[in-house]
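The residues making up each chain are set out below.
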Protein chains: 2
Amino acid sequence: MVSHSRILLVDDHPLLRKGVAQLINMEPDLSVIAEASNGEQAIQEAIRHQPDLILLDLNMKGMNGIDTLQALKKADVTSNIVVFTVSDSEEDVTRALKFGANGYILKDSEPEVLLEFIRKSAKGEMVLSQQLTQILASALKNESSPEKTILNQLTDRELEILKLISLGDSNKIIARKLDITEGTVKVHVKHLLRKMGLRSRVEAAVWAVEYQVK
Amino acid sequence: MVSHSRILLVDDHPLLRKGVAQLINMEPDLSVIAEASNGEQAIQEAIRHQPDLILLDLNMKGMNGIDTLQALKKADVTSNIVVFTVSDSEEDVTRALKFGANGYILKDSEPEVLLEFIRKSAKGEMVLSQQLTQILASALKNESSPEKTILNQLTDRELEILKLISLGDSNKIIARKLDITEGTVKVHVKHLLRKMGLRSRVEAAVWAVEYQVK
DNA sequence: CCACATATACCACTAAAGTGGTATACAAAA
DNA sequence: TTTTGTATACCACTTTAGTGGTATATGTGG
């Protein structure tokens with residue numbers, strides 16, 4: 001039942017590696033089986049050892065963490081990957097997760113928290129510290145808010161048609177759906193483009209998708 | 001230092017309200033000062049009492065939680081709002097957070113966790129349970145991955161043009177940017193639409209934006 | 001070397017999209 | 001009541017978009 005987790009440590013600071021390795025190796029169920037100080041090495045070691053988990057520093061010189069992450073995925077390394085970094089920028093967090101990291105831990109975490117995360121991640125669970133949760137949440141929040149004012153300038157009809165445009169519907173199809181003539185649809189499109197300051201339905205569609213007009 | 005938090009409870013299950021109210025009122029620093037069983041009531045009560053925090057059920061009959069949430073924001077209710085629900089669907093979580101909820105708690109949380117969340121939220125902090133963190137994270141993850149296979153079927157040129165289409169560029173503009181004729185651009189557009197199984201550049205643009213082709 | 005994929009180009013044609021103008025009906029606001 | 005905003009409609013016209021076909025040059029993998 002006590003499954004042993006084999007860990008690859010990737011960080012360009014030897015001292016930090018020492019410290020973390022020591023911490024990890026004190027645990028009976030965890031051990032650092034390899035270390036790397038840059039992305040290229042990381043990939044080699046990952047392929048050679050196929051560790052259960054890779055602890056990956058984001059801010060490395062040379063091939064950075066995100067690139068390394070992508071490269072690892074591309075190289076069919078199946079290890080779980082936890083990003084380990086000082087950065088709590090929204091950008092970094094979301095990008096790391098999008099590219100397939102199983103977790104994201106800040107370097108100033110308590111040792112116990114780090115160990116807990118390592119154990120969970122090694123089992124394939126996704127872990128995120130509470131602080132980062134909040135960053136993620138506000139990232140999502142900001143995603144929707146902008147330029148709502150423009151939407152308010154549109155009439156109900158225009159908004160309705162904007163939504164259909166963003167579905168890819170042609171004027172003809174829109175006309176059929178709303179049971180009005182195509183000519184009328186064109187008028188609404190014309191008005192909505194003018195209000196939004198856009199030059200084509202394509203721009204309108206992109207706008208609608210980006211600002212999640214639904 | 002012991003600030004007292006006044007809470008509005010919104011849920012259409014009287015029994016659940018009873019239980020939660022009892023739990024909250026046992027705490028010296030928290031009290032339920034009003035209850036509502038639907039969205040309309042919630043808004044009235046919120047305006048009347050301006051509570052520090054609103055605990056809002058998502059799955060109410062009639063005006064649902066999300067609508068209520070929006071209406072509350074529109075009504076300039078400045079209370080912190082925590083969504084309290086049985087649903088852990090990605091859709092619900094992200095929508096609630098986008099619309100300005102300060103937190104999201106599942107109804108099957110432990111009482112202590114609920115109280116902890118209430119206290120944090122009342123102070124304006126954003127709280128999200130660990131389970132939901134994972135849902136959020138995988139939401140972000142999925143956002144980028146799908147249908148990459150389709151992209152791989154496109155030639156470099158087609159991909160390049162797809163990107164420009166998603167910027168709203170016309171064929172003429174694309175031709176100028178790439179220094180090829182408009183006719184050639186049309187050919188590429190034709191091919192890329194065929195490969196993607198789409199019927200117009202609008203659909204392609206929407207597709208590109210949604211799957212973040214950049 | 002040959003076959004295939006890619007990028008390019010031109011053409012003619014059809015189909016959508018977008019513009020400008022005019023007009024009617026209705027409801028809400030001034 | 002008059003004005004304004006909205007939704008609707010029709011029309012003529014221009015511009016874009018999309019299709020089908022043919023063709024050439026280049027490079028890559030069998």
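Before any of the text, the structure's been laid out above.
Residues numbered from 1 in each chain as written. Chains lettered and ligands numbered in written order. Predicted model: local features only at pLDDT ≥ 70, side-chain atom pairs only at ≥ 80, totals over all residues.

Asker: Outline the sheet that holds strand β4 (residues 80–85) of chain B, supporting the account with residue identities and numerical values.
Answerer: Strand pairing in a sheet is mediated by backbone hydrogen bonds. Such pairs are either parallel or antiparallel. Residue and element names in this part refer to chain B. With parallel pairing, 6 strands are arranged side by side in an open sheet as β2-β1-β3-β4-β5-β6. Whereas interior strands pair on both sides, the edge strands pair on one side only; in this sheet they are β2 (30–36) and β6 (127–128). Pairing of strand β5 (residues 103–106) with β6, which is carried by 2 bridges, proceeds in the parallel orientation. From the neighbouring strand, Gly-103 faces β6, where its bridge partner is Val-127. (Pairing = 2+ DSSP bridges. Helix = DSSP H or I, 4+ residues; strand = E, 2+ residues; numbered from the N terminus.)

Asker: If you had to explain the protein's contact with DNA strand C to someone new, which residues and values would you point to?
Answerer: Taken together, 20 residues sit near DNA strand C, with Ser170(A), Asn171(A), Thr155(B), Arg157(B) and Ile180(B) positioned nearest. Of all the secondary structure elements, the ones that give two or more residues to the surface near DNA strand C are α9 (171–178) and α10 (182–196) of chain A together with α8 (156–166) and α10 (182–196) of chain B. Counting residues per element, the surface near DNA strand C draws most heavily on α10(A), at 5 residues. Here the residues of the surface near DNA strand C are counted per class, giving 5 nonpolar, 8 polar and 7 charged. (Near = placed C-beta within 6 Å. Nonpolar A, V, L, I, M, F, W, Y, C, P; charged D, E, K, R; others polar.)

Asker: Describe in detail the protein's contact with DNA strand D, supporting the description with residues and values.
Answerer: The local shell around DNA strand D holds 20 residues, among which Thr155(A), Arg157(A), Ile180(A), Ser170(B) and Asn171(B) are the closest. Counting residues per element, the ones that place at least two in the surface near DNA strand D are α8 (156–166) and α10 of chain A together with α9 (171–178) and α10 of chain B. Residues that form the surface near DNA strand D fall into these classes: 5 nonpolar, 8 polar and 7 charged.

Asker: Break down the packing of α8(A) against helix α11 (residues 201–210) of chain A for me, citing the residues and quoting the values.
Answerer: Residues and elements named next belong to chain A. Look at α8 against α11: their axes get within 8 Å of each other, and the N-to-C directions meet at 95 degrees. Comparing their axes, α11 and α8 come out roughly perpendicular. Contacts between α8 and α11 involve Leu-162, Lys-163, Ile-165 and Ser-166 from the first element and Arg-201, Ala-204, Ala-205, Ala-208 and Val-209 from the second. Tallied by class, the residues present in the contact of α8 with α11 amount to 6 nonpolar, 1 polar and 2 charged. (Axes fitted to C-alpha atoms, helices over the stretch in contact; angles between N-to-C directions. Parallel < 35°, antiparallel > 145°, perpendicular 65-115°, else oblique. Contact = placed C-beta atoms within 7 Å.)

Asker: Requested: an account of the sheet that holds strand β4 (residues 80–85) of chain A, with residues and values cited.
Answerer: Residues and elements named next belong to chain A. Sheet architecture is open: 6 strands sit in the order β2-β1-β3-β4-β5-β6, paired in parallel fashion. With one partner strand each, in any of the chains shown, β2 (30–36) and β6 (127–128) form the two edges of the open sheet. Bridging between β4 and strand β5 (residues 103–106) involves 4 bridges; their strand directions are parallel. Across the sheet, residue Val-82 finds its bridge partner in β5, namely Gly-103.

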